[in-house]
Amino acid sequence: MSRRWKRKEEENASDGDSDGAGPAKKTFKKGSDDSDGIVVCEISKNRRVSVRSWQGKVVVDIREFYVKDGKELPGKKGISLSMDQWKILRDHVDEIDDAVAENS
């Protein structure tokens, strides 16, 4: 196993976010300050799924957040899916669920 993958596994094990301890917390609120996104759900204490406009296009944003000076800010770790990418992912959810069940 490469160092890179081992480090990632250690990170995930130590942050407590991947324990699957319950359903995601769903919140629907308009972003404040400079954010124009709508938070759809909080996957964990520092990971969120939101829908926002970026460069004039609507994206589904799955991202980690961090706190700096008492303010929650988006981190570099995350992905923004275009509507085309989101539709492809959404259409394959059953296949993804089946693959997860096979590997669990």
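Keep in mind the model is a prediction, meaning the values are calculated, not measured.

J.: Sorry, what's going on with unusual backbone geometry here?
T.: Most peptide bonds take the trans configuration, and most residues that are not glycine carry a negative phi. Residue Q55 is not a glycine yet carries a positive backbone phi of 50°. Unlike most non-glycine residues, D69 shows phi in positive territory, near 55°. Inspection of the secondary structure puts D69 in the loop between β4 (57-68) and β5 (71-81).

J.: Teacher, can you tell me more about the pattern of salt bridges here?
T.: Side chains that differ in sign of charge can pair as their charged atoms come close. Within the structure shown, the criterion is met by four salt bridges. The shortest N-O distance in the salt bridge between R47 and E64 comes to 2.9 Å. With R47 in strand β3 (residues 47-54) and E64 in strand β4, the pair connects residues that are 17 residues apart, well separated along the chain. Grouping residues by exposure puts R47 and E64 together as buried. One salt bridge in this structure joins R52 and D61, with 3.3 Å as the shortest N-O distance. Judged by its relative accessible area of 21%, R52 is partly exposed. Taking relative accessible area as the criterion, D61 reaches 3% and is therefore assigned buried. Via salt bridges that share partners, R52, D61 and R63 belong to a single interconnected network.

Rules used in this analysis
- Residues numbered from 1 in each chain as written.
- Predicted model: local features only at pLDDT ≥ 70, side-chain atom pairs only at ≥ 80, totals over all residues.
- Heavy atoms only, no water.
- Helix = DSSP H or I, 4+ residues; strand = E, 2+ residues; numbered from the N terminus.
- Salt bridge = Lys/Arg side-chain N within 4 Å of Asp/Glu carboxyl O.
- Buried < 20%, exposed > 50% of the residue type's maximum accessible area, 1.4 Å probe, protein only.

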